[in-house]
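Summary of structural features
Now for the letters of each chain:
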Amino acid sequence: MSKAVTKTKKKAVAKKAVTKKVAAKKVVKKAPAPKKVAVKKVAIKKAARKKRITVMVASTVYNNRDLLLQVCGMLNTYGYDVVNSEYGTLHPPLGQNNTAACIAAVNDCDIFFGLINPFYSTGITHLEFQEAIRINKPRRYMAHSFVTFSRKLLEQFMYTGVRKKRRTPFVIQRTSVMDDIRVIDMYNDAVQQNLDYADRKYHWVQEFFRYDDVFRHVQTLFADYKRVESELDNLNNLP
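This is a predicted model, so every value here is computed, not measured. (Residues numbered from 1 in each chain as written. Predicted model: local features only at pLDDT ≥ 70, side-chain atom pairs only at ≥ 80, totals over all residues. Heavy atoms only, no water.)

**Some thoughts on the overall build of the protein**
The number of helices and strands found in the protein is nine helices and seven strands. Each of the 239 residues in the protein was classed as buried or not, and the buried ones make up 36%. Excluding contacts between residues fewer than 6 apart, the proportion of contacts in the protein whose partners are at least 24 apart in sequence is 72%. For the protein, the computed accessible surface area is about 15,700 Å², with 57% contributed by carbon and sulfur atoms. (Helix = DSSP H or I, 4+ residues; strand = E, 2+ residues; numbered from the N terminus. Buried < 20%, exposed > 50% of the residue type's maximum accessible area, 1.4 Å probe, protein only. Contact = heavy atoms within 4.5 Å. Areas by Shrake-Rupley, 256 points an atom, 1.4 Å probe, with all protein chains shown as cover.)

Have a look at this one:
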């Protein structure tokens, strides 16, 4: 065999070896696809944390519309998504009535904020209160001083029994101060987590008389958005 032929074969073998090495390197470069999946998961978690806290404001509207709208506006300014029909952010879906839409909103919100006024109206607000309590929704309350005063005055007529835990059929006539005794029932539902008198657990209800009282308390409760967000996270992480 000539030296020229031998050199040609050696070059051909060397080229094949180089080609294999290059091909092998190209295969290795295609590997790191799973990192994209991990990046997507992180992005999803961050997006979930960016969702704004939803506060449902539950209140009768009669003789209270201006206060209600101003409270909703304050909460919106602080960065919350505010849910309230009078504020224009709660509308029943097609085929669903107002009551069902309000109850659904209680379940969907992050925080329930109830204003207890001396006027009972249709009773939908009372149903919202009861639903928030039933599902143990994080909640805050404020009550007009007419309600808290009347509650103390009329308790002797509203309840009977040794421990005054049985509700009587006592009612009142509509007046300019209060239209229905059931606004006191709303207050009692809000403040008493357990209606067994011997083992009641009380929930804080802030009293107010003037608009300024409400605005100051709303600011105290909700102005620090990050604190509220942290409190909610701690509640959600409880066992």
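**Here we look at the confidence of the model for the protein**
On average, residues of the protein carry a pLDDT of 82, and 73% of them reach 70 or more. Taking the mean pLDDT of every element in the protein, the minimum, 46, falls on helix α2 (residues 34-49) and the maximum, 98, on strand β1 (residues 54-58). Considering only residues more than four positions removed or in separate chains, one finds that residues 37-49, a stretch of pLDDT under 50, has one contact. Across residues 194-200, where pLDDT falls below 50, the model places 14 contacts with residues more than four positions away in sequence or in other chains. (pLDDT = per-residue confidence, 0-100.)

**Description of helix α8 (residues 211-222)**
For α8, built from 12 residues, the straight-helix expectation of 16 Å at 1.5 Å per residue is met to within 8% by its first-to-last C-alpha distance of 16 Å. Every buried residue of α8 is accounted for by Asp213, Val214, Phe215, His217, Val218, Leu221 and Phe222. (Expected span 1.5 Å × (residues − 1).)

**Considerations on a nonpolar patch on the surface**
A contiguous nonpolar patch, built from Phe146, Val177 and Phe209 and spanning about 270 Å² of accessible area, is present on the exposed surface. Within the secondary structure, Phe209 sits in the loop between β7 (205-208) and α8. (Patch = residues over 30% accessible without salt bridge, like charges linked within 9 Å, V, L, I, M, F, W, Y side chains within 5 Å. Salt bridge = Lys/Arg side-chain N within 4 Å of Asp/Glu carboxyl O.)

**Some thoughts on the packing of helix α5 (residues 124-134) against helix α7 (residues 182-191)**
Running from N to C, α5 and α7 cross one another at 15°; their axes reach a closest spacing of 10 Å. The angle between α5 and α7 falls in the class roughly parallel. Pair α5 / α7 crosses with left-handed handedness. Between α5, through Thr125, His126, Phe129, Gln130 and Ile133, and α7, the contact on the second element is made entirely by Arg182, Asp185, Met186, Asp189 and Ala190. Here the contact of α5 with α7 is built from residues that sort into four nonpolar, three polar and three charged. (Axes fitted to C-alpha atoms, helices over the stretch in contact; angles between N-to-C directions. Parallel < 35°, antiparallel > 145°, perpendicular 65-115°, else oblique. Left-handed = near helix turned anticlockwise from the far one by under 90°. Nonpolar A, V, L, I, M, F, W, Y, C, P; charged D, E, K, R; others polar.)

**With respect to the pattern of salt bridges**
Here the structure, examined in full by the defined rule, presents 10 salt bridges. For Lys51, the salt bridge identified is with Asp110, shortest N-O distance 3.8 Å. Of this pair, Lys51 sits in the loop between α2 and β1 while Asp110 is found in the loop between α4 (98-108) and β3 (111-116), placing the two residues 59 residues apart along the sequence. The class of Lys51 is exposed, set by a relative accessible area of 52%. In this structure, Glu131 engages Arg134 in a salt bridge whose closest nitrogen and oxygen atoms are separated by 2.9 Å. Taken as a pair, Glu131 and Arg134 lie in helix α5 at a separation of three residues, close to a single helical turn. Through salt bridges with shared partners, a single network forms among Arg140, Arg227 and Glu231.

**Topic: the pairing of strand β4 (residues 139-144)**
Burial runs high along β4: five of the six residues are buried. Bridge count for β3 against β4 is five bridges, and the pairing is parallel. Note that in β4 the partner of Phe113 across the bridge is Arg140. The parallel pair β3 and β4 is bridged by α5, and the resulting crossover is right-handed. (Pairing = 2+ DSSP bridges. Right-handed = clockwise from strand over helix to strand, strands pointing away.)

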